Each structure stands twice: as structure tokens, then as C-alpha cells.
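Next come the chains, spelled out residue by residue.
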Amino acid sequence: MKPLLPTMARWGIGSFAVTAAAFVGMQLSAQAIAGHNSNAPVSYAADRIELQDRQNRVVLSGNVQISQAGLNLSAARTIVNYSDSGSLKIQRIMATGGVNVTRGNERARGDTAVYDFNRRIITMAGNVRLNRGGDTLNGGRLVIDLASGVSSVDGRASGSSSVTGQGQQSGGRVTGTFSVPEN
């Protein structure tokens, strides 16, 4: 029985290390976006575009597609706030309705997203799901600080429990699955 305990301990520590490494990989993946150039030109397309000049905003609706330097966003509707002091400068993009953000092989989805250009922070809320390869991370809210490269996932968005992509209550906890490489 004694030789089994060290083997079990090594196995448990090894499994924990692999799981921790996979989680760190997901976090590094989210942090890789920190090098994103938020000053690059922004391209957009939608079924309908409404310019609200007095409010300094543009409302895009229907199959909205926005891209900037390899970062792509799709949603049912977005509001783009801008400043107009001689030249137009985007301040903030708020997206609603099945929001998907992709970059390379990474994908994040949620009910809503806000990209604050001045603070360089992207926040997704409501049924957030991150995918990278076979790895997933689910929660209520994702915050990516592009300036510092720090990303965080909370189990709850605005204090309510969230529902995972499979329609299951997450109970306000962060959940996920990670691929474990075969030896």
C-alpha cells in the first residue's frame, strides 16, 4: 500500500500542474491581446447605419461587423461614441445581442461588450465564454485591460448568476474545461 501513496501523490500533483498550466495558457491567451493597437483604423459593416450627429454617435444594427488590427467583433447592434474636435476619434463601442470577439484562434462571446478606447479596457458581460482550441472558460464577466495585459473572469455579471453556453446555471462561479495532452 505504501508505494501506491507516492504514486497517487505524484499523479495528483501532475494533474494539478497540467490543469494549472492550461489555465495559465488561457490567461496568457487573453493577455496576448494586450499588444493590440487601439489606434489602428476601425472598419465596420452593418445592415443599417444611423448617424446621430448631435449625440456624437453612430448606431449600427443588423449583422454588425467591426474590425481593428486583427480584432473582430460581431453583434446584432452597436453604438459607437466618438469625439469631434477637428478629427473624429472613437471613444467607446458598446455591442449587444450575441456579441462575438475573435482574434486568431481565440474567441470570446457574451451578451454585451464595451470597448473603452480611452481606458483601453474591453468588458464582456452575461454568459461569457472564452474558447481557445479545445479549452473553454465560462463566467459572468470578462475584463481585459489592454494597457496592463491583465485579464480577469468573474462568475457573476452585475450580481446575478449566469448561465453557461450549455444553458446550465454556473451559480456565479467561473467554470471551464482544459485539454490534457496525451503522453
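Here the structure is a predicted model, which is why all the values come from computation and not from measurement. (Residues numbered from 1 in each chain as written. Predicted model: local features only at pLDDT ≥ 70, side-chain atom pairs only at ≥ 80, totals over all residues. Heavy atoms only, no water.)

### Observations concerning the overall build of the protein chain
The secondary structure content of the protein chain amounts to one helix and 12 strands. Each helix and strand of the protein chain, ordered N terminal to C terminal, gives the series α-β-β-β-β-β-β-β-β-β-β-β-β. Pairs at least 24 residues apart make up 38% of the contacts formed inside the protein chain by residues separated by at least 6 positions. Surface accessibility of the protein chain: about 10,600 Å² in total, with carbon and sulfur atoms responsible for 54%. (Helix = DSSP H or I, 4+ residues; strand = E, 2+ residues; numbered from the N terminus. Contact = heavy atoms within 4.5 Å. Areas by Shrake-Rupley, 256 points an atom, 1.4 Å probe, with all protein chains shown as cover.)

### Examining the confidence of the model for the protein chain
Per-residue pLDDT for the protein chain averages 77, and the proportion of residues at 70 or more is 72%. Per-element confidence in the protein chain ranges from a low mean pLDDT of 42 for strand E11 (residues 160-161) to a high of 95 for strand E2 (residues 48-52). Segment residues 1-29 is flagged for pLDDT under 50; beyond a separation of four residues in sequence, or across chains, it makes 17 contacts in the model. In the predicted structure, residues 159-169 sits below a pLDDT of 50 and forms 23 contacts with residues beyond four places in sequence or in another chain. (pLDDT = per-residue confidence, 0-100.)

### Quick look at the pattern of salt bridges
Using the criterion set out here, one finds three salt bridges in the structure. Here Glu50 makes a salt bridge to Arg48, at a shortest N to O gap of 3.0 Å. On the accessibility criterion, Glu50 (30% relative accessible area) is partly exposed. Note that Arg141 and Asp154 form a salt bridge whose closest N and O atoms lie 2.4 Å from each other. Within this pair, whereas Arg141 is found in strand E8 (residues 135-145), its partner Asp154 is found in strand E9 (residues 151-154), the two being separated by 13 residues in sequence. (Salt bridge = Lys/Arg side-chain N within 4 Å of Asp/Glu carboxyl O. Buried < 20%, exposed > 50% of the residue type's maximum accessible area, 1.4 Å probe, protein only.)

### As for the packing of aromatic side chains
Inspection of every chain in the model, using the stated rule, returns one aromatic pair. Centroid distance Tyr115 to Phe117: 4.0 Å. Interplanar angle 15°. Geometry classified as stacked. (Phe/Tyr/Trp six-rings, centres within 6.5 Å; stacked < 30°, edge-to-face > 60°.)

### Some points on unusual backbone geometry
A negative phi angle characterises most non-glycine residues, just as the trans form characterises most peptide bonds. One non-glycine residue, Asn56, lies in the positive phi region at around 55°. Residue Asn56 is classed as partly exposed on the basis of its relative accessible area of 28%. Although it is not a glycine, Ala69 sits at a positive phi angle of roughly 50°. A residue is classified by how much of its surface remains accessible, and Ala69, at 42% relative accessible area, is partly exposed.

### What about the side chain of Asp116?
Note on placement: Asp116 falls in strand E6 (residues 106-116). Residue class for Asp116 comes out buried when judged on its relative accessible area of 17%. Setting aside anything within four residues of it in sequence, one finds Asp116 in contact with Gln91 and Ile121.

### Some thoughts on the nonpolar core
With 26 residues, the main nonpolar core has Leu73, Val99, Tyr115, Met124 and Leu142 as its most contacted residues. For this core, the element with the most residues is strand E4 (residues 71-84), which contributes five residues. Sequence-distant contacts of Leu142, defined by excluding residues within four places in its chain, comprise Ala108, Ile122, Thr123, Met124, Val128, Leu130, Ser152 and Val153. (Core = buried A, V, L, I, M, F, W, Y, C linked by side-chain atoms within 4.5 Å.)

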